[in-house]
Amino acid sequence: MSSTITSESIAFIFFFLYGSFCEWVFHKHLFHSPQFIKRTFNAHTVVHHQRYKYEPESYKWQEGQEKDHIAMDWFALPLFIGFHLPLFALFEHFTVWKCLWGGIAAITVYCFIYEYFHYCMHVPTGRLFERSPVFRFAKEHHRTHHKYMLQNLNVFSPLADLCLGTCRSPASVGRAGETSN
Ligand SMILES: [Zn+2]
Ligand SMILES: [Zn+2]
């Protein structure tokens, strides 16, 4: 029993870190390219990035604006789970690693954190959470993404950005001679 809990806990950590890479791929190829799914490209690149821009005033939601196109569609999480469930089950079947529930929990928690951070970034209300160093770092990291769309593709966990060479420091924005994206 305790070995199963340990195994699933390790799976949770492993697949939570994997979530950063999954988000990176998803953000780059489904949100910023019309190649695979036009609907996600339109919702994100055409609407979200046009409505919310780099400058602080346009980065945040304005009175009278729709609050749609900040969060993903409600069915995104069931789709992510539906996509990963058979993969985790196969993985568990062909290895001795009990990882299915840890993996599903990691995907679910990752999505909720992603959505909450992203929503608070664009709709700030002075929450205590917004003053935390982790949130302030993530907020500037994502604000930079709203200027350089193919950089800083992670919202709250820049692991994949760091590993895949797309991490851009907010301090570097606006240096002479650079153009957006
Ligand atoms: Zn955004
Ligand atoms: Zn984007």
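Before reading on, note that the structure itself is shown above.
Quick caveat: nothing in here was measured; it's all calculated off a predicted structure. (Residues numbered from 1 in each chain as written. Chains lettered and ligands numbered in written order. Predicted model: local features only at pLDDT ≥ 70, side-chain atom pairs only at ≥ 80, totals over all residues. Heavy atoms only, no water.)

Q: Outline empty space enclosed by the protein, listing residues and values.
A: A water-sized probe, rolled over the atoms, reveals where empty space remains. If you walk through the whole model with that rule in mind, you get one cavity of 30 Å³ or more. Roughly 190 Å³ of internal volume is contained in the largest cavity. Going through the elements one at a time, α1 (2-31), α4 (76-94) and α5 (100-122) are the ones with two or more residues in the lining of the largest cavity. In terms of residue count, the dominant contributor to the lining of the largest cavity is α1 (six residues). In the lining of the largest cavity, the residues fall into nine nonpolar, three polar and one charged. (1 Å grid on protein atoms, 1.4 Å probe; cavity = no way out; pocket = protein on both sides within 12 Å on 5 of 7 lines; lining within 4 Å. Points joined across faces, edges and corners; volume = space filled by probe spheres on them. Helix = DSSP H or I, 4+ residues; strand = E, 2+ residues; numbered from the N terminus. Nonpolar A, V, L, I, M, F, W, Y, C, P; charged D, E, K, R; others polar.)

Q: Explain the coordination of the zinc ion (ligand 2) residue by residue, including any values.
A: Those protein atoms acting as donors to the zinc ion (ligand 2) are His27 (NE2), His32 (NE2), His44 (NE2), His49 (NE2) and His145 (NE2), and they sit at 2.0 to 2.3 Å. On the accessibility criterion, His27 (1% relative accessible area) is buried. (Donors = N, O, S within 2.8 Å, 3.2 Å for Na, K, Ca; no water. Buried < 20%, exposed > 50% of the residue type's maximum accessible area, 1.4 Å probe, protein only.)

Q: So what's going on with the pattern of salt bridges? Residues and values would help.
A: Here the structure, examined in full by the defined rule, presents five salt bridges. Between Asp73 and Arg39 there is a salt bridge; the shortest N-O distance is 2.4 Å. Taken together, the positions of Asp73 in the loop between α3 (56-59) and α4 and Arg39 in helix α2 (residues 38-51) put the pair 34 residues apart, joining distant regions of the chain. On the basis of relative accessible area, Asp73 is assigned to the partly exposed category, the value being 35%. (Salt bridge = Lys/Arg side-chain N within 4 Å of Asp/Glu carboxyl O.)

Q: For α4, give the residues involved together with the corresponding values.
A: Along its 19 residues, α4 runs 28 Å from first to last C-alpha, staying within 8% of the 27 Å computed at 1.5 Å per residue. The axis of α4 is deflected most strongly, by about 30 degrees, at His84, and proline Pro86 appears within four residues downstream. Within α4 the residues assigned to the buried category are Ala76, Leu77, Phe80, His84 and Phe88. Of the surrounding secondary structure, the elements contacted by the buried residues of α4 are α1 and α5. (Expected span 1.5 Å × (residues − 1). Bend = angle between axes of the 7 residues up to and from the residue. Contact = heavy atoms within 4.5 Å.)

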